[in-house]
Amino acid sequence: LERSPPQSPGPGKAGDAPNRRSGHVQGARVLSPPGRRARLSSPGPSRSSEAREELRRRLLGLIERSRVVIFSKSYCPHSTRVKELFSSLGVECNVLELDQVDDGARVQEVLSEITNQKTVPNIFVNKVHVGGCDQTFQAYQSGLLQKLLQEDSAYDYDLIIIGGGSGGLSCAKEAAILGKKVMVLDFVVPSPQGTSWGLGGTCVNVGCIPKKLMHQAALLGQALCDSRKFGWEYNQQVRHNWETMTKAIQNHISSLNWGYRLSLREKAVAYVNSYGEFVEHHKIKATNKKGQETYYTAAQFVIATGERPRYLGIQGDKEYCITSDDLFSLPYCPGKTLVVGASYVALECAGFLAGFGLDVTVMVRSILLRGFDQEMAEKVGSYMEQHGVKFLRKFIPVMVQQLEKGSPGKLKVLAKSSEGTETIEEVYNTVLLAIGRDSCTRKIGLEKIGVKINEKSGKIPVNDVEQTNVPYVYAVGDILEDKPELTPVAIQSGKLLARRLFGASLEKIYHTLFWPLEWTVAGRENNTCYAKIICNKFDHDRVIGFHILGPNAGEVTQGFAAAMKCGLTKQLLDDTIGIHPTCGEVFTTLEITKSSGLDITQKGC
């Protein structure tokens, strides 16, 4: 803080707040002593991005150094109540009266960006944003405020993340880059069929990555048929080998699992393969697969536990049916398959299974792709029917019975009409359930620390900065209530959350190598495709150069060219949610500047 002599307030204006000098408020230490005004200095023009970033760094530094910081206004009665509360607790506070500092308005603007709170008082306790007056008193009445007032050194970690999926890993790595001591807890509870997997979450192990690779395998079969019309001649019968495909896909996924572990190790993030559960404020229990328990504490937590497939709750569903958790590592070809559900997961899986030449039926309770444009949804359904997928509409399963064991065996499915009394039954080799997903939030001890969840959906309500109702607990990913889902959103949210919590510096001019997903299983060269953007740092990092070396480069460039004509900036790229998995999404996650000399080789999807 820099000090400057007091200035005359000048002629008063109607509605102006009194310009009081700050002093000691019932024992609270105030940053601006009587007779002097304080301002957070910032070099250069007040409106420049560099000055704004410098002010942000200084504010975060103040929060980092202080046990309690109250951003206040001297005439605000709510601010006075908060200061009196801390005084009654005998807690010394840093108080910055925004109406009595030269750049108070800009300080409040930057605070709003950091916390998404536009009002005062704005309170931080041991680097945790508590909120305003009401939230502070609620924390006091629940005992949480007293917990937050513990010294930071009492905690084992600055940040513990429960969940090692897209959002959790993104947040962990960014927080570690920003100098924080971070732990990731990740444990996959086996599916009813006994399937589990490694670090990386749903997308890498049982979602986007294996799904697209199986989709690619189906497309190759179609390409073989098309190739005859382009002059390719072959006489031998072509057949698909399920075991060969799944082995290749699982080998690739294993390499990604290892890459994520290596990335955490390189950034000094502690990775523990244990199930995390809150036992009290700031403390969790970690239970490994042998049942051994260890306890850890942290100043702040991020919940990134994701979702798992839902079951029907009927006789035989968990005993005999599989879900997307099991399909991509299934050790045998599923054969004649019934897909239950009409979600995009259901239709994607039905599509590539039919592409392998399997007999596939989709059982639909009501409509296809609920929440999507229904004209487009029906066109998708019509196209799938033309290519061999059968649809059973307005039916729901009521029982699954095993007729024969085997790989695959035989299952009898009894279903009833969703609109009447009609029942049908049919025999299949495999029944794949794709009827939705449930948030993994009910068995991690959230009730012990007071984190609220939606009792019906299990999702966690958060504010606009991913903060739960408990100030030191945040959440990212598919478990958030009324927030966008899927991998690219979680990756971006995790990274931005870490930057909001711990601050980040701006970087310019970025590049990276990348490995197209379609090349991985085929064993094509890694780290030969390259992406680079050139930014004008004196024009808000406007993108003035765009380079890509890789598949479909022309298609990718055409879209970005239009964006560049409209004034594309690096910040806009960072704020863009990538379409995953594609080559073009690499431009939404560029982090390494060429001048840094850091390694840009690809280590994951």
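In this text, all values refer to a predicted model and were calculated from it rather than measured experimentally.

1. Some words on the overall build of the chain
Helix and strand counts for the chain come out as 18 helices and 25 strands. A principal-axis box enclosing the C-alpha atoms of the chain has dimensions of 95 × 55 × 50 Å. Expressed as a percentage of its 605 residues, the buried residues of the chain come to 50%. Sequence-distant contacts, at least 24 apart, represent 64% of the contacts inside the chain between residues at least 6 apart. Of the roughly 29300 Å² that the chain leaves accessible, carbon and sulfur atoms contribute 51%. Taken together, the 72 basic and 64 acidic charged side chains of the chain have centroids lying 3 Å from each other.

2. As for the pattern of salt bridges
With the rule as written, the count across this model stands at 27 salt bridges. Residue Glu54 is joined to Arg57 by a salt bridge in which the shortest nitrogen-to-oxygen separation is 3.1 Å. A residue pair is termed a helical-turn pair when its members lie 3 or 4 positions apart in one helix, as Glu54 and Arg57 do in helix H1 (residues 49-65) at three residues. For Arg57, a relative accessible area of 39% puts it in the partly exposed group. Put simply, Glu455 and Arg442 hold a salt bridge, and the shortest N to O gap is 3.8 Å. With a gap of 13 residues between them, Glu455 in the loop between helix H14 (446-449) and strand S22 (473-475) and Arg442 in the loop between strand S21 (437-439) and H14 connect regions that are remote in the sequence. The exposure class assigned to Arg442 is partly exposed, which follows from its relative accessible area of 42%. The network of salt bridges with shared partners includes Glu53, Glu54, Arg57 and Arg58.

3. Describing the UniProt feature "domain: FAD/NAD(P)-binding" (unreviewed entry) in the chain
Residues given the UniProt feature "domain: FAD/NAD(P)-binding" (unreviewed entry) here are residues 157-494. Secondary structure within residues 157-494 divides into 32% helix and 25% strand; the distance between the first and last C-alpha atoms comes to 18 Å.

4. A few points about the domain arrangement of the chain
Assigned domains of the chain: these are domain 1 (50-149), domain 2 (157-309 + 439-502), domain 3 (322-435) and domain 4 (510-604). Domain 3 and domain 4 are separated by 38 Å when their C-alpha centres are compared.

5. Points about the environment of Leu347
Looking at the secondary structure, you find Leu347 in helix H12 (residues 344-355). C-alpha separation for the pair Leu347 and Thr287, spaced 60 residues apart in sequence, amounts to 37 Å. Excluding anything up to four places from it in sequence, Leu347 contacts Ala342, Val362, Leu368, Leu369, Val380, Met384 and Phe391.

6. Concerning the sheet that holds strand S4 (residues 94-97)
Where strands meet in a sheet, backbone hydrogen bonds hold them as pairs that are either parallel or antiparallel. With respect to topology, four strands assemble into an open sheet ordered S4-S3-S5-S6, the strand pairing being mixed. Looking along the sheet, the strands with just one partner apiece sit at the ends: S4 and strand S6 (128-131). Each strand of the sheet is rotated relative to its neighbour by a mean of 20°, with strand direction disregarded. Direction of pairing for strand S5 (residues 122-125) relative to S6: antiparallel, over a ladder of three bridges. Bridged to Val125 within S6 is Val128. Against the sheet, H1 contacts strand S3 (68-72), S4 and S5, and its axis sits at roughly 135° relative to S3. The sheet contacts of helix H3 (residues 104-115) involve S3, S4, S5 and S6, and relative to S5 the element is tilted by about 60°.

7. Here's the deal with the packing of aromatic side chains
To describe a pair of aromatic rings, one takes the distance between the centres and the angle between the planes. Enumeration according to the criterion identifies twelve aromatic pairs in this entry. For the pair Phe352 and Phe356, a centre-to-centre distance of 6.0 Å together with 50° between the ring planes defines the contact as tilted. With respect to burial, Phe352 and Phe356 carry one shared label: buried. Chaining the aromatic ring pairs together yields one cluster made of Trp242, Phe328, Phe352 and Phe356.

8. Quick look at the pairing of strand S8 (residues 182-185)
Neither face of S8 is exposed, since Val182 and Val184 on one face and Met183 and Leu185 on the opposite face are all buried. Note on the crossover from strand S7 (residues 157-162) through helix H6 (residues 166-177) to S8: the handedness is right-handed. With three bridges connecting them, S8 and strand S9 (residues 270-272) associate as parallel partners. Within S9, the residue paired with Met183 across the bridge is Ala270.

9. A short note on the environment of Gly164
Among the secondary structure elements, Gly164 is positioned in the loop between S7 and H6. Spatially, the C-alpha atoms of Gly164 and Gly306 are 9.2 Å apart, while their sequence positions differ by 142 residues. Once you skip the residues sitting within four places of it in the chain, Gly164 turns out to touch Leu169, Val184, Leu185, Asp186, Leu199, Gly200 and Gly201.

10. Overview of the sheet that holds strand S20 (residues 430-433)
Pairing is parallel across the open sheet formed by four strands, whose spatial order is S16-S15-S14-S20. Because the sheet does not close on itself, it has two edges, and the strands there are strand S16 (390-393) and S20. The mean inter-strand angle of the sheet, taken between neighbouring strand axes irrespective of direction, is 20°. Where strand S14 (residues 337-340) lies against strand S15 (residues 360-364), four bridges are found, and the strand directions are parallel. In the strand pairing of S15, Leu338 is matched with Thr361. Those strands touched by H12 are S14, S15, S16 and S20, and its axis lies near 165° from that of S15.

11. Things to note about the pairing of S14
Neither face of S14 is exposed, since Thr337 and Val339 on one face and Leu338 and Val340 on the opposite face are all buried. Regarding the hand of the β-α-β motif, the stretch spanning S14, H12 and S15 is right-handed. Relative to S20, S14 runs parallel, the two sharing four bridges. Across the sheet, the residue bridging to Val340 is Leu433, located in S20.

What counts as what
Along each chain, residue indices are assigned from 1 in the same order as the chain's sequence is written. In keeping with the predicted nature of the model, local features appear solely for residues at pLDDT of at least 70, side-chain atom pairs appear and are counted solely at 80 or more, and the whole-chain, interface and lining totals rest on all residues. Excluding hydrogens and water, the side-chain figures rest on all heavy atoms present in the structure. Helix and strand definitions follow DSSP, with helices as H or I runs of at least four residues and strands as E runs of at least two, each counted in order from the N terminus. Any residue under 20% of the maximum accessible area for its type is buried, any over 50% is exposed, and the rest in between are partly exposed; the area is computed with a 1.4 Å probe on protein chains only. The criterion used for residue contact is that any of the two residues' heavy atoms lie within 4.5 Å. Residue burial considers only the protein chains on display, and all accessible areas are found by Shrake-Rupley using a 1.4 Å probe. Note that His is not counted, nor are the chain ends; the positive residues are Lys and Arg, and the negative ones are Asp and Glu. Working definition for charges: the position is that of NZ of Lys, CZ of Arg, CG of Asp or CD of Glu. Any carboxyl oxygen of Asp or Glu that lies within 4 Å of a side-chain nitrogen of Lys or Arg is treated as forming a salt bridge with it. UniProt positions are given in the numbering used here, feature names are shortened, and annotations may be inferred rather than shown by experiment. Marked domain ranges trace back to an automatic or database domain assignment. DSSP calls a pair of strands paired once it identifies at least 2 bridges connecting them. Axis definition: a line fitted to C-alpha atoms, over the contacting stretch in the case of helices. Angles run 0 to 180 degrees between N-to-C directions. The aromatic pairing rule takes the rings of Phe, Tyr and Trp, using the six-membered ring of Trp, and pairs them if the centres are within 6.5 Å, calling planes under 30 degrees apart stacked, those over 60 edge-to-face and the rest tilted. By the criterion used throughout, a crossover qualifies as right-handed when its path from the first strand across the helix to the second strand runs clockwise, the strands pointing away from the viewer.

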